[in-house]
Amino acid sequence: NQAFALYALSSYYRLTKNPNAKQLAYQLFDLIQEKAFDGAGYLEAFDRNWKPASNEKLSENGVMASRTMNTLLHVFEAYSGFYRATKDERVAEAMRTILQIYQEKVFNPERNRQEVFFDLDYNSLIDLHSYGHDIESSWLIDDGCSLLGDAALNQTIFAMDDRLAEGIYQTAYRNHSVLNECENGVDDETRVWWVQAESVLGFYHMYEKHGNCQYLQAAQDIFSYIEQYFLVSDHKSEWFWAVDKDGKPMQNLDIVNGWKCPYHNGRMCLELIRRNGI
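None of these values were measured; they are calculated from a predicted model.

Caption draft 1: How the structure looks around helix α3 (residues 69-86). Under the 1.5 Å per step criterion, the end-to-end length of α3 is 26 Å for 18 residues, consistent within 8% with the ideal 26 Å. Following α3 by one or two positions, K87 adopts a phi angle in the positive range, close to 55°.

Caption draft 2: A look at the sheet that holds strand β9 (residues 186-188). Read across the sheet, 3 strands follow the order β5-β8-β9 without closing on themselves; strand pairing throughout is antiparallel. On the outer flanks of this sheet lie β5 (128-130) and β9, each paired with one strand and no other. The mean inter-strand angle of the sheet, taken between neighbouring strand axes irrespective of direction, is 20°. Bridging between β5 and strand β8 (residues 181-183) involves 3 bridges; their strand directions are antiparallel. From the neighbouring strand, L128 faces β8, where its bridge partner is E183. Packed on one face of the sheet, helix α5 (residues 131-147) meets β5, β8 and β9 and runs near 50° to β5.

Caption draft 3: Examining the packing of α5 against helix α9 (residues 263-275) more closely. Two elements in contact, α5 and α9, have axes whose closest approach is 14 Å; the angle formed by their N-to-C orientations is 50°. By the criterion of interaxial angle, the relationship of α5 to α9 is oblique. Handedness of the crossing formed by α5 with α9: left-handed. Within the contact between the two elements, α5 uses E136, W139, L140 and D143 and α9 uses H264, R267, E271, R274 and R275. Considering only residue class, the contact of α5 with α9 consists of 2 nonpolar, 1 polar and 6 charged.

Caption draft 4: Geometry of empty space enclosed by the protein. This structure, assessed with the given rule, holds 1 cavity of 30 Å³ or more. By volume, the largest cavity is sized at about 50 Å³. Lining the largest cavity, in full, are Y42, E44, R67, T68, M69, L72, V106, F118 and Y122. Among the residues forming the lining of the largest cavity, the class breakdown is 6 nonpolar, 1 polar and 2 charged.

Caption draft 5: Layout of the nonpolar core. Counting residues in each nonpolar core, the largest one holds 82 residues, and the members touching the most others are L6, Y42, Y79, Y102 and F203. Top element by residues in this core is α3. It accounts for 10 residues. Apart from the residues lying within four places of it in its own chain, the contact partners of Y102 are M69, L72, L73, F107, Q114, I141 and M160.

Caption draft 6: Geometry of the environment of V243. For V243, the position within the fold is in strand β11 (residues 242-243). V243 gets classed as buried once you look at its relative accessible area, which sits at 0%. Sequence spacing of V243 and R191 is 52 residues, and the spatial spacing of their C-alpha atoms is 5.3 Å. If near-sequence neighbours (up to four positions away) are discounted, V243 is found in contact with T190, R191, Y225, Y229, F230, K248, P249 and M250.

Caption draft 7: The arrangement of the environment of L31 in detail. Among the secondary structure elements, L31 is positioned in helix α2 (residues 19-36). The partly exposed category is assigned to L31, whose relative accessible area is 26%. For the pair formed by L31 and Q2, sequence separation is 29 residues and the distance between their alpha carbons is 8.8 Å. Aside from chain neighbours lying at most four places away, what touches L31 is A36 and W50.

Caption draft 8: Structural context of the packing of α5 against helix α7 (residues 193-210). Look at α5 against α7: their axes get within 8 Å of each other, and the N-to-C directions meet at 45°. Between α5 and α7, the interaxial angle falls into the category oblique. When the axes of α5 and α7 are compared, the crossing they make is left-handed. Contacts between α5 and α7 involve G132, H133, I135, E136, S138, W139 and D142 from the former and W194, V195, E198, S199, L201, G202, F203, H205 and K209 from the latter. The residue makeup of the contact of α5 with α7, split by class, is 6 nonpolar, 6 polar and 4 charged.

Caption draft 9: Geometry of the packing of aromatic side chains. In total, this model carries 18 aromatic pairs according to the counting rule given. Here the aromatic rings of Y173 and F203 are separated by 5.8 Å at their centres, their planes lie at 55°, and the arrangement is tilted. One end of the pair, Y173, is in strand β6 (residues 173-174); the other, F203, is in helix α7, with 30 residues separating them in the sequence. Consider the rings of Y225 and Y229, whose centres lie 4.7 Å apart with planes at 45°: the pair is tilted. Taken together, the positions of Y225 and Y229, both in helix α8 (residues 213-229) and 4 residues apart, correspond to about one turn of that helix. Three or more aromatic residues joined by ring pairs make a cluster, and in this case those are Y26, F29, F37, Y42, Y79 and F82. Sitting above the plane of the Y13 ring, K17 keeps its charged end 5.2 Å from the centroid.

Each value, and the rule that gives it
- Residues numbered from 1 in each chain as written.
- Predicted model: local features only at pLDDT ≥ 70, side-chain atom pairs only at ≥ 80, totals over all residues.
- Heavy atoms only, no water.
- Helix = DSSP H or I, 4+ residues; strand = E, 2+ residues; numbered from the N terminus.
- Expected span 1.5 Å × (residues − 1).
- Pairing = 2+ DSSP bridges.
- Axes fitted to C-alpha atoms, helices over the stretch in contact; angles between N-to-C directions.
- Contact = heavy atoms within 4.5 Å.
- Parallel < 35°, antiparallel > 145°, perpendicular 65-115°, else oblique.
- Left-handed = near helix turned anticlockwise from the far one by under 90°.
- Nonpolar A, V, L, I, M, F, W, Y, C, P; charged D, E, K, R; others polar.
- 1 Å grid on protein atoms, 1.4 Å probe; cavity = no way out; pocket = protein on both sides within 12 Å on 5 of 7 lines; lining within 4 Å.
- Points joined across faces, edges and corners; volume = space filled by probe spheres on them.
- Core = buried A, V, L, I, M, F, W, Y, C linked by side-chain atoms within 4.5 Å.
- Buried < 20%, exposed > 50% of the residue type's maximum accessible area, 1.4 Å probe, protein only.
- Phe/Tyr/Trp six-rings, centres within 6.5 Å; stacked < 30°, edge-to-face > 60°.
- Lys NZ or Arg CZ within 6 Å of the ring centre and 35° of its normal.

Below, the structure written as structure tokens:
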């Protein structure tokens, strides 16, 4: 929550130049670095007094994680937005630290994927390949890394992200869409809203990056799948949470709740508009 608030304040400051937003963003950045960063990474959950709390909300698949790839990704996303607004070298240094953690702890070069749930020492707790997070990370980490203007770092990180995206293209892109995840070698063939949104953007990013039309075709293909199966029929705006492998909406899943909102799909649309200069 603190990271998303920092991201929002940074964006608001870029839009309005409101000094109060910038000041509050700095306070949040300092707070995250002081309370949540332990020298090895970012801890997950705290009570109102910043004492470590149980992490049920951010742990899944039967494990209780002390660290997660997802939290690290969204802290990096927030810091990228904050650095875009301020060009503060302290923020850049924090971003470099996160990128080092990705390279050394999160990315698994033998499997061409990110590990997802960890103990405090970054031992992976489960054999889980989160297809959506890999394709999301492939463009989001590229985007933040490029802000730092470090050619050598770009070369290393961009190559890692290429492997993530290509892995999803080869492994999880099936029947005009991308599968949810793979646990212990068994695919979950559910098509989830945010995974499709991030796949459109991730594959489009790969097309921009390399000019390979197979990625453009994949992005267009998945977008057409979204239009056919995900748009709620009564107003054609918000998306179903998930559909099964045959494209039928999953029952008893909210259209909007605390974990389901227009964040991923809205960002996909805005990012594609920005990239195409519309």
